[in-house]
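# Summary of the model geometry
Here is how the chains run, residue by residue.
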Amino acid sequence: MPAPFPFADRPRLFGVAVSHYQVEGDDPCDWTDWEAAGRTRGGACGRAAGSWERYEDDAAAAVALGANAFRFSVSWSRVEPRYGTFDEAALERYARLVARLAALGLEPVVTLLHYTHPRWFHTETPWTSPASVDAFARFAGRVARALGPAARCWTVLNEPFVLVLGGYLDGQVPPGLASGRDAARAFDNLLAAHEAAAAAIREASPGAAIGVAHNMMGFAPARPRNPFDRLLAAAAGRFYNRPLLDAFGEGRWSAFLPPFTRLAGRRPSLPASLDFFGVNFYSRLHLRFGAGGRRIGSFDYRDATGRGLTDNGWEIVPEAFLPLLREAASIGRPLLVTENGLADAADARRAAFLEEHVAVVARAEAEGVPVHGYLHWSLVDNYEWLDGFEPRFGLLALDRETLARRERPSAETFRRLAAEYLGRPAAPRRG
Ligand code: BGC
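Residues numbered from 1 in each chain as written. Predicted model: local features only at pLDDT ≥ 70, side-chain atom pairs only at ≥ 80, totals over all residues. Heavy atoms only, no water.

### Remarks on the nonpolar core
So the rule is basically this: As used in this record, nonpolar core signifies buried Ala, Val, Leu, Ile, Met, Phe, Trp, Tyr and Cys residues forming a set joined through side-chain atoms within 4.5 Å. Buried residues are those whose accessible area, probed at 1.4 Å on protein chains only, stays under 20% of the maximum for their type, while exposed residues exceed 50% and partly exposed ones sit between those limits. Only DSSP runs of H or I with at least four residues qualify as helices, and only runs of E with at least two residues qualify as strands; both kinds are numbered from the N terminus onward. Any pair of residues with heavy atoms lying within 4.5 Å of one another is described as a contacting pair.
The biggest cluster of nonpolar side chains holds 119 residues, and the ones touching the most others in it are Phe72, Leu112, Trp127, Phe136, Trp154 and Phe277. The element best represented in this core is helix α9 (residues 180–204), accounting for 9 residues. In this structure Trp154 touches Val110, Leu112, Val143, Ala144, Leu147, Ile201, Ala208, Ala209, Ile210, Gly211 and Phe276, once residues within four positions along its chain are discounted.

Right under this line is the structure:
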């Protein structure tokens, strides 16, 4: 069987990405409870961008931008609001979206877990328990059957490693745990759940291409000549970027986070469950050795390249992108850039950001890195997990009162880049 990705009839993807909770609105889940408990600076998500009622308009806006792909996620809390009880109307709503995307010539790129969980999840089948694996696979199978063969591109899990760090080690996101043991268990079960979900999706939809979306970061020494800072930056890259790559590339992973956390495991059958690897790339951290107390160092964002920081203070650093794409390619799978973008309400930097990051994708491809697409985060201003509606990531600006969308000027640059990117002949398929 030929490798399902990239698709023979659509060798390149250029498009936009959103996630259910961040745009749909009114979706009670674990994150809603987190907001209510005052655990995030982001405040209440509320109506978000109202996309639950406006997905078709959003799809039309993506077409107007020249996109041929639309990444979205399915809300598990809508689809399975009570453990074991599925909401047919919710499944039907996503099926309608997929049908519309397909009719408009947009490749649906479907994510099944983008940070939020049904309210029952953390008590009934938490990620620390193997029961999570069957629960997730059952959900995945239901969704795949409901969406049908038009949904053939799947980034099953979004940023599972970040979920483990934030939810199980750092207490920043639900379920708010801070335990190395729980983190190690949750990571292993998430990977097992990916594998079981991949099998369920392939059974329902034999032509499906199965992927994962991994957040990859650049790391630099805060003092470039300081050997300890350099060691720390290299170690951070190994800890943050590698485990998921190793898991999907070799079926085993091992990562050590000082002082006490070790995430290590083996799943020899995992690599066969992956057809492509998705890279979410945003920025770079600068690390400085020696912070006092139990911590061995500190990190921050800084404007080392002179392009200015984004509205939420992140460095703009396309230079860090190419090495990360090369590293991702080292596991021998085709790549898709599943997210890349910036918070820029004034739209002062988005056009240049787009130009430079899409140029990196083209350069990577020219040197043989098998990258087959670019999806921009985000189509429309969205709710940000830790910062609410303040950071504006959208190619479309959102009026928070009326929920009307309006293209930002950089949309013009996106349109031109889409036409150029999709107009170039595609690299030959491997596999
Ligand atoms: C996440 C998105 C988020 C974006 C910008 C990504 O890592 O997948 O959900 O909105 O970062 O913060």
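Here the narrative resumes, following the displayed structure.
### So, the site of the ligand
Cut-off, in case you're wondering: A cutoff of 4 Å decides nearness: a residue is near a molecule or strand if any of its heavy atoms lies inside that distance of it. We call two N or O atoms a polar contact when they sit within 3.5 Å, provided that within protein one can donate a hydrogen and the other can accept it, with sequence-adjacent residues counted only if both atoms are side-chain atoms. To be clear on the numbers: accessible area is Shrake-Rupley with a 1.4 Å probe, and residue cover counts the displayed protein chains and nothing else. Classification used: nonpolar for Ala, Val, Leu, Ile, Met, Phe, Trp, Tyr, Cys and Pro, charged for Asp, Glu, Lys and Arg, polar for all others including Gly.
Taken together, Gln22, His114, Asn158, Glu159, Asn215, Tyr282, Trp314, Glu339, Trp377, Glu384, Trp385 and Phe393 make up the full set of residues near the ligand. One nitrogen or oxygen atom from the side chain of Gln22 is found 2.8 Å from an oxygen atom belonging to the ligand. Glu159 has a polar side-chain atom sitting 2.5 Å from an oxygen atom of the ligand. Contact with the protein chains hides 93% of the accessible area of the ligand, taken as 310 Å² for the molecule alone. The residue inventory of the shell around the ligand, partitioned by class, reads 5 nonpolar, 4 polar and 3 charged.

### Considerations on the packing of aromatic side chains
For clarity, the threshold we go by: Each Phe, Tyr or Trp ring (for Trp, its six-membered ring) is paired with any other whose centre lies within 6.5 Å, and the angle between the two planes then decides the class: stacked below 30 degrees, edge-to-face above 60, tilted in between. Charges are assigned to positions over rings by a cutoff of 6 Å between ring centre and Lys NZ or Arg CZ, combined with an angular limit of 35 degrees from the ring normal.
Scanning all chains against the criterion turns up 35 aromatic pairs. Both rings, one in Phe5 and one in Phe7, keep their centres 5.6 Å apart while their planes meet at 80°; by these two values the pair is edge-to-face. Per residue, the accessibility class of Phe5 equals that of Phe7, and both read buried. For the pair Tyr282 and Trp314, a centre-to-centre distance of 5.6 Å together with 75° between the ring planes defines the contact as edge-to-face. Of the two residues, Tyr282 sits in strand β8 (residues 276–289) while Trp314 sits in the loop between β9 (297–300) and α11 (321–329), which places them 32 residues apart along the sequence. On the accessibility criterion, Tyr282 (10% relative accessible area) is buried. Following the ring pairs from residue to residue traces out a cluster consisting of Tyr21, Trp31, Trp34, Tyr115, Tyr383, Trp385 and Phe389. Its guanidinium or amino end placed over the ring of Tyr421, Arg12 lies 4.7 Å from that ring's centre, counting from NZ or CZ.

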